[in-house]
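Chains, contacts and geometry: an overview
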Amino acid sequence: MGHPRVLIWVEARRGVGHFRVIADLITALRKHDCFVEIATSRPQLLTAMLGSHHATLEAGPALHDPAIPKQCGRGEETLLRRVAESRPDILVLEMWPIRRAVFDERVVTAIKELKRNNPSARVFSLLRDVSGFVARERQRVAVELVNSLVDEVLVRGDGKIRLEETWQDARSLLVPTHYVGYFGPREAGEQSNRLRGDWV
């Protein structure tokens, strides 16, 4: 594939934990000569976390949704446009579809457009091993979305806690699921990056 183009979509209304996760992922992908682009309305957080490495990344404003204007700021660019412009080989969706339900319509459209323009493109859902409380109906819908649109699921965890322990319907997932190790937020003194490299 040469230098794969990877587009990562990450959003969070508050805190920086999700962005620490993506910063670690970017660092790992860059070691494998991937060209990484970011779709987020808060690129300044990744800039601070990655330091000079960020200079070679393309960071663009994210999905604009009038329901959460504080999150989006001046970001008018949609994920669909980002996908069309970057034409990635790999699309990584952080915490979707078990979370981020407000973005379903546009994420689905973006995935379909990506596959139409690049049938060999791969779509990954990056999730946590512990999902927290998710309404049962959303669990069901999330499984349907994964099975119909996502190629593989990446789980931040070591497999000791299985995805289906907090996402009961995950037992119905039909796509490969990989436990890729813990990375992202960590306590003082912990190893700086525990992301397994064998799946990258």
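Residues numbered from 1 in each chain as written. Predicted model: local features only at pLDDT ≥ 70, side-chain atom pairs only at ≥ 80, totals over all residues. Heavy atoms only, no water.

A short note on the packing of aromatic side chains
Throughout the structure, instances matching the rule amount to 1 aromatic pair. Seen in terms of ring centroids, W9 and F103 are 5.2 Å apart; in terms of plane orientation they differ by 90 degrees. Their pairing is edge-to-face. Placement of the pair is W9 in strand β1 (residues 5-9) and F103 in the loop between β4 (90-94) and α5 (104-117), with a sequence separation of 94 residues. Residue W9 is classed as buried on the basis of its relative accessible area of 0%. (Phe/Tyr/Trp six-rings, centres within 6.5 Å; stacked < 30°, edge-to-face > 60°. Helix = DSSP H or I, 4+ residues; strand = E, 2+ residues; numbered from the N terminus. Buried < 20%, exposed > 50% of the residue type's maximum accessible area, 1.4 Å probe, protein only.)

Description of the pairing of β1
Judged by how many residues are buried, β1 sits mostly within the fold: 4 of 5 residues are covered. Where β1 lies against strand β2 (residues 35-39), 5 bridges are found, and the strand directions are parallel. Bridge pairing links V6 to V36 in β2. Pairing between β1 and β4: 4 bridges, direction parallel. Within β4, the position partnered with L7 by the bridge is L91. (Pairing = 2+ DSSP bridges.)

Here we look at the environment of K115
Along the chain, the position of K115 falls in helix α5. Assessed through its relative accessible area of 23%, K115 is described here as partly exposed. The spacing of K115 and R87 is 28 residues in sequence and 9.8 Å in space, taken between C-alpha atoms. Among the polar contacts listed, one links the side chain of K115 to the backbone oxygen of A121, at a separation of 2.5 Å. (Polar contact = N/O pair within 3.5 Å; in protein donor to acceptor, adjacent residues only side chain to side chain.)

A look at the confidence of the model for the protein
Mean pLDDT for the protein: 75, with 69% of residues reaching 70 or above. Averaged pLDDT values over the elements of the protein bottom out at 32 in helix α3 (residues 69-72) and peak at 94 in helix α6 (residues 136-149). Across residues 187-193, confidence stays below pLDDT 50; counting only partners more than four residues off in sequence or on other chains, it has 5 contacts. (pLDDT = per-residue confidence, 0-100. Contact = heavy atoms within 4.5 Å.)

Looking at the pattern of salt bridges
Across all of its chains, the model carries 10 salt bridges by this definition. In this structure, R138 and D104 form a salt bridge, with 2.5 Å as the shortest nitrogen-oxygen distance. On the criterion of sequence distance, the pair formed by R138 in helix α6 and D104 in helix α5 is long-range, its members being 34 residues apart. On the accessibility criterion, R138 (14% relative accessible area) is buried. Given the relative accessible area of 16%, D104 is considered buried. The shortest N-O distance in the salt bridge between E137 and R140 comes to 2.3 Å. Of this pair, E137 and R140 both sit in helix α6, 3 residues apart, which is roughly one turn of that helix. (Salt bridge = Lys/Arg side-chain N within 4 Å of Asp/Glu carboxyl O.)

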